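Coordinate inspection notes
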Amino acid sequence: MQRIRLRYTKRGRLRFTSHRDFQRAFERALRRAEVPMAYSAGFTPHPKVSYANAAPTGTGSEAEYLEIALTERRDPAKLKDLLDESLPAGLDITDIVEARTSGLADRLQASVWELKLDGVTVEDAERAAEAFLAAESVEVQRRTKNGMRSFDARAAVAALEASRPTADRPVDNPCAILRLVVRHVTPAVRPDDVLSGLRAVADLAPPVPVAVTRLAQGPFDEETGTVTDPLAPDREAVTAAPADRSGAAGSPAAAAQVPEGSA
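The rules behind these values
Residues numbered from 1 in each chain as written. Predicted model: local features only at pLDDT ≥ 70, side-chain atom pairs only at ≥ 80, totals over all residues. Heavy atoms only, no water. Salt bridge = Lys/Arg side-chain N within 4 Å of Asp/Glu carboxyl O. Helix = DSSP H or I, 4+ residues; strand = E, 2+ residues; numbered from the N terminus. Buried < 20%, exposed > 50% of the residue type's maximum accessible area, 1.4 Å probe, protein only. Phe/Tyr/Trp six-rings, centres within 6.5 Å; stacked < 30°, edge-to-face > 60°. 1 Å grid on protein atoms, 1.4 Å probe; cavity = no way out; pocket = protein on both sides within 12 Å on 5 of 7 lines; lining within 4 Å. Points joined across faces, edges and corners; volume = space filled by probe spheres on them. Nonpolar A, V, L, I, M, F, W, Y, C, P; charged D, E, K, R; others polar.

1. Some thoughts on the pattern of salt bridges
This structure, assessed with the given rule, holds 18 salt bridges. Put simply, Arg 24 and Asp 21 hold a salt bridge, and the shortest N to O gap is 2.6 Å. Note that Arg 24 and Asp 21 are positioned in helix α1 (residues 19–32) at a spacing of 3 residues, about one turn of the helix. Classification of Arg 24 by relative accessible area gives partly exposed; the value is 42%. With its nearest N and O atoms 3.4 Å apart, the salt bridge here joins Glu 114 to Arg 179. Here Glu 114, found in strand β5 (residues 110–118), pairs with Arg 179, found in strand β9 (residues 175–183); they are 65 residues apart in sequence, far enough to count as distant. For Glu 114, a relative accessible area of 24% corresponds to the partly exposed category. In this structure, a network of salt bridges that share partners links the residues Arg 3, Arg 5, Glu 67, Arg 107 and Asp 234.

2. Describing the packing of aromatic side chains
Inspection of the entire model under this criterion finds 3 aromatic pairs. Ring geometry for Tyr 8 versus Phe 22: centroids 4.2 Å apart, planes at 5°, classification stacked. With a gap of 14 residues between them, Tyr 8 in strand β1 (residues 2–10) and Phe 22 in helix α1 connect regions that are remote in the sequence. Looking at Phe 22, the relative accessible area reads 3%, which means it is buried. Relative to Phe 26, the ring of Phe 22 has its centre 5.8 Å away and its plane inclined at 20°; by these criteria the two rings are stacked. Of this pair, Phe 22 and Phe 26 both sit in helix α1, 4 residues apart, which is roughly one turn of the helix. Joined through ring pairs, the aromatic side chains of Tyr 8, Phe 22, Phe 26 and Tyr 51 make up one cluster.

3. Structural notes on empty space enclosed by the protein
Summed over the entire model, instances satisfying the criterion amount to 2 cavities of 30 Å³ or more. The volume enclosed by the largest cavity comes to roughly 50 Å³. Residue lining of the largest cavity: Tyr 8, Lys 10, Thr 17, Ser 18, His 19, Phe 22, Ala 54, Ala 55 and Glu 64, and that is the complete set. Mapped by element, the contributors of at least two residues to the lining of the largest cavity are β1 and α1. Counted by class, the lining of the largest cavity contains 4 nonpolar, 3 polar and 2 charged residues.

Right, dumping it as C-alpha cells:
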C-alpha cells in the first residue's frame, strides 16, 4: 500500500462548495483518473481518503490537505497531473508527495488567513487590529448545534495586521486587507470569530460581506511566528531514504507506516 498526500485549492466560485461537495467531486476524479484506491472493509466500502482541517464553506483556500491510500504504487507527479485534469477549475492540485512520515493532521497547527474588507479604510482596519491585539481577551459568541457558545477569540490569534490591496483602486472605494495567523485550538477560532471580535472591541463592521481566503496552514514556529510547509518532512524523508529496487521506501520505519484514519 502506498500513501499519497496532496495540497489543493478552493478558488473563485468554488469557495462556496461544502466539504461534502468536494468529497463527491474528488471521488469522481479518482474514478476518472483510474487511481488504484484502497477501500475500507465492511458492508459499504469507501475509498480511503483522509481529509485534514477543511476550510469552512464560503471561504477560499490555497492550502487544503488530504491523504489517499493506494493498492498499487504510482508516480506522484503523474498522479498529480491526472487528478488535476479530472477536477473542475478552482479545485486544483498544487502539490503532492509520497507519505514517508506519520501525523499530517498533527502538523496543521495554525493557518494564515487573508480578509478583504471592501468599504473599510486601512486606517480604520489598523485601529481595529491594534485594539484587538491590545485586549487581554475578546469574548465572542457562535451558534452551534447545542445553542450559542461564548469563547475567547483573542488567545488563538498570533498575528494580525492591516494593509492596502496590491491592485490600484478608486479613492472613493476604500478597501483594507487584514492578514492574520490563527493557531488551531479547541474550540476552533475562525476568521468570522475574529471579525466578531473586531466589531466588539473597535466597532469595525464592513458594509459588505468579507472575502476570506486561507493562504497557508501547517506547523507554527513560535520563535518567528510563521506557518511552515506541512509536507516538507515527507520530501526530506524521500531525500534521506531513497527507494529500493522494488520501489518501496528504503527505511524500515517508512515501510511500517499505517494509514491515518480515513473519512
